[in-house]
Amino acid sequence: AMTAATSGSNGIAVADNDNIDFGTGNFTISLKVSVPDWTPSANVVLAQKHDGSNGWILYLLTTGYFRLTINSTNYDSTEAVSTSNYTIHSIIVPVKRETADFNGAVSFYVDGVQLGSDVTITAASPTSVNNSSSLYILGTSSASYAGVCYCFNLIFGALNSTFVKELYRNGLSYRDKWGNNVTATYTSDFSV
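No experiment lies behind these values; they were computed from the predicted model shown.

### A few points about the pattern of salt bridges
- Considering all chains together, one arrives at four salt bridges under this definition.
- Close ionic contact of Arg67 with Asp76 constitutes a salt bridge, the shortest N to O distance being 2.7 Å.
- Classification of Arg67 by relative accessible area gives partly exposed; the value is 21%.

What follows is the structure, given as structure tokens:
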């Protein structure tokens with residue numbers, strides 16, 4: 001249930017629901033996108049579900065680096081993307097959330113290849129990223145960004161490099177479609 005961008009006033013919107021809230025769990029953001037400039041003159045919001053204090057935002061920075069904001073903390077890729085303008089690329093960002101005892105990590109992949117090294121999320125009790133805001137692709141509630149989104153997936157769980165490569169090469173596996181571990185796709189009583 002997506003709403004198209006209207007006259008440059010917002011990005012592609014998906015209304016809030018439990019299937020797009022990650023809580024404190026691991027998650028992966030995946031999109032296949034083309035933008036006019038991979039080192040833009042202003043930061044580009046590739047996707048976001050953020051209410052100003054809770055949620056996440058995936059940016060393409062003016063330097064060609066990617067930034068994932070989780071709640072109010074920024075995690076930047078350790079290398080810039082190196083590609084030609086107007087080309088189509090698969091961007092996959094697995095997020096392994098921190099715990100009270102162990103560091104977490106954010107990884108950035110472009111076309112199935114890791115961009116730089118993992119970025120550490122310091123050990124602490126993770127804060128939920130849930131909010132009641134809509135999900136926006138190539139924009140926000142008040143702005144849209146030039147580009148074409150060919151595919152967008154939110155995945156509950158931090159994909160490892162093998163699954164990132166599979167997602168890049170083959171697309172989302174059938175086993176991963178139509179539901180998640182948070183909200184049942186259907187509910188019924190099968191006891192009879």
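### A word on the state of the cysteines
- Counted under the stated rule, the structure contains zero disulfides.
- Lacking any disulfide linkage, Cys149 is separated from the closest cysteine sulfur, that of Cys151, by 7.1 Å.
- Using a relative accessible area of 24% as the deciding quantity, one classes Cys149 as partly exposed.

### A few points about a nonpolar patch on the surface
- Together, Ile88, Val148 and Tyr150 make up an exposed nonpolar region whose accessible area comes to about 270 Å².
- Looking at where Val148 falls in the secondary structure, it is placed in strand β14 (residues 148-156).

### Structural notes on the packing of aromatic side chains
- Here the structure, examined in full by the defined rule, presents three aromatic pairs.
- Measuring from ring centre to ring centre gives 4.3 Å for Phe22 and Phe27, while their planes differ by 5°; the resulting arrangement is stacked.
- Residue classification places Phe27 among the buried positions, given a relative accessible area of 0%.
- Where Phe22 meets Phe156, the ring centres are 5.1 Å apart and the plane angle is 65°; that geometry is what we call edge-to-face. Pair noted here: Phe22 is in the loop between β2 (12-14) and β3 (27-34) and Phe156 is in strand β14, with a separation of 134 residues, a long-range link.

Rules of the game
Residues numbered from 1 in each chain as written. Predicted model: local features only at pLDDT ≥ 70, side-chain atom pairs only at ≥ 80, totals over all residues. Heavy atoms only, no water. Salt bridge = Lys/Arg side-chain N within 4 Å of Asp/Glu carboxyl O. Buried < 20%, exposed > 50% of the residue type's maximum accessible area, 1.4 Å probe, protein only. Disulfide = S-S within 2.5 Å. Patch = residues over 30% accessible without salt bridge, like charges linked within 9 Å, V, L, I, M, F, W, Y side chains within 5 Å. Areas by Shrake-Rupley, 256 points an atom, 1.4 Å probe, with all protein chains shown as cover. Helix = DSSP H or I, 4+ residues; strand = E, 2+ residues; numbered from the N terminus. Phe/Tyr/Trp six-rings, centres within 6.5 Å; stacked < 30°, edge-to-face > 60°.

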